[in-house]
Amino acid sequence: MLIKKHLPLLKKIGYFIIGIVAFILIAMVSIPYFFKDQIQSTIKEIANKNINGDLQFSDIDVSFFTHFPSLTTSIHDVKLKGSAPFQDSTLIDVKEISLGIDLSSLFKDKIVLDKFIISEGNINVLVDSMGAANYNIYTSTDTAQDNEVNDNEDSKIAFKLL
């Protein structure tokens, strides 16, 4: 008798819980889709600013489900050319690079990357007779200016050491 009396209320609570779970799942699928272009342009901007080489990739996927519970950004068919005099040779050729972002850090000041996954990759390291290497691709800036900037502002991205 008691169950029959409370059955309509239990059904309403059950429907409410199912609705919330469905909303969360729909949000987890759709939100990364809306931010995909912004993430892709940000990656290209950071690469062009910091790398002295030609970075190419075919596509970017953003998903909550690839390496759950991390929000995962996967970059597909990554090719990176070396620096001069090796600008025509490929330094890195990777099928997929994935970065896992700690979900709780999205709501804090600093985004924490807690996973770095490389799938099916080749790294071709070359050094000529003068000691110039193709992996010397990081664009250097004036160190005096860098020290002043680093003292005044912290990075917005952090790597979690495992």
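Cut-off values and rules
- Residues numbered from 1 in each chain as written.
- Predicted model: local features only at pLDDT ≥ 70, side-chain atom pairs only at ≥ 80, totals over all residues.
- Heavy atoms only, no water.
- Helix = DSSP H or I, 4+ residues; strand = E, 2+ residues; numbered from the N terminus.
- Buried < 20%, exposed > 50% of the residue type's maximum accessible area, 1.4 Å probe, protein only.
- Contact = heavy atoms within 4.5 Å.
- Areas by Shrake-Rupley, 256 points an atom, 1.4 Å probe, with all protein chains shown as cover.
- Polar contact = N/O pair within 3.5 Å; in protein donor to acceptor, adjacent residues only side chain to side chain.
- Salt bridge = Lys/Arg side-chain N within 4 Å of Asp/Glu carboxyl O.
- Core = buried A, V, L, I, M, F, W, Y, C linked by side-chain atoms within 4.5 Å.

Caption draft 1: Up close: the overall build of the protein chain. Scanning the protein chain from terminus to terminus reveals two helices and six strands. Along the chain direction, N to C, the helices and strands of the protein chain fall in the order α-β-β-β-β-β-α-β. For the protein chain, with 162 residues in total, the buried portion stands at 23%. The long-range fraction of contacts in the protein chain, counting pairs at least 24 apart against all pairs at least 6 apart in sequence, stands at 53%. For the protein chain, the exposed area adds up to about 12,100 Å²; of that, 61% sits on carbon and sulfur atoms.

Caption draft 2: Quick look at the side chain of S98. Of note, S98 is situated in strand 4 (residues 90-101). Looking at S98, the relative accessible area reads 0%, which means it is buried. Polar contacts involving the side chain of S98 include one to the side chain of S74, which spans 3.0 Å. In this structure, S98 is in contact with H67, T72, T73, S74, K115, F116 and I117, ignoring residues within four places of it in sequence.

Caption draft 3: Inspection of the pattern of salt bridges at higher detail. For the structure shown, the criterion picks out two salt bridges. For the salt bridge of K79 with D93, the shortest nitrogen-to-oxygen distance reads 2.9 Å. Here the residue K79 occupies a position in strand 3 (residues 71-81), and D93 occupies one in strand 4, the gap between them amounting to 14 residues. What makes K79 partly exposed here is its relative accessible area of 36%. Given a relative accessible area of 29%, D93 falls into the partly exposed group. Linking K95 and E120 is a salt bridge whose minimum nitrogen-to-oxygen distance equals 3.8 Å. Taken as a pair, K95 in strand 4 and E120 in strand 5 (residues 111-123) lie far apart in primary sequence, 25 residues in all. Residue K95 is classed as partly exposed on the basis of its relative accessible area of 46%. Given the relative accessible area of 61%, E120 is considered exposed.

Caption draft 4: View of the environment of D37. Relative to the helices and strands, D37 is located in helix 1 (residues 2-50). Sequence separation of D37 and I60 is 23 residues, and the distance between their C-alpha atoms is 8.6 Å.

Caption draft 5: Local environment of the nonpolar core. Counting 12 residues, the largest nonpolar core consists of M28, F57, I60, V62, F64, L71, I75, V78, V94, I97, I101 and L113. When contributions to this core are tallied by element, the ones reaching two or more residues are strand 2 (59-63), strand 3 and strand 4.

Caption draft 6: Representation of unusual backbone geometry in the model. One non-glycine residue, D77, adopts positive backbone phi at about 50°. Structurally, D77 can be placed in strand 3. Among the residues examined, D77 registers a relative accessible area of 40% and is labelled partly exposed. Residue E120 is not a glycine yet carries a positive backbone phi of 50°.

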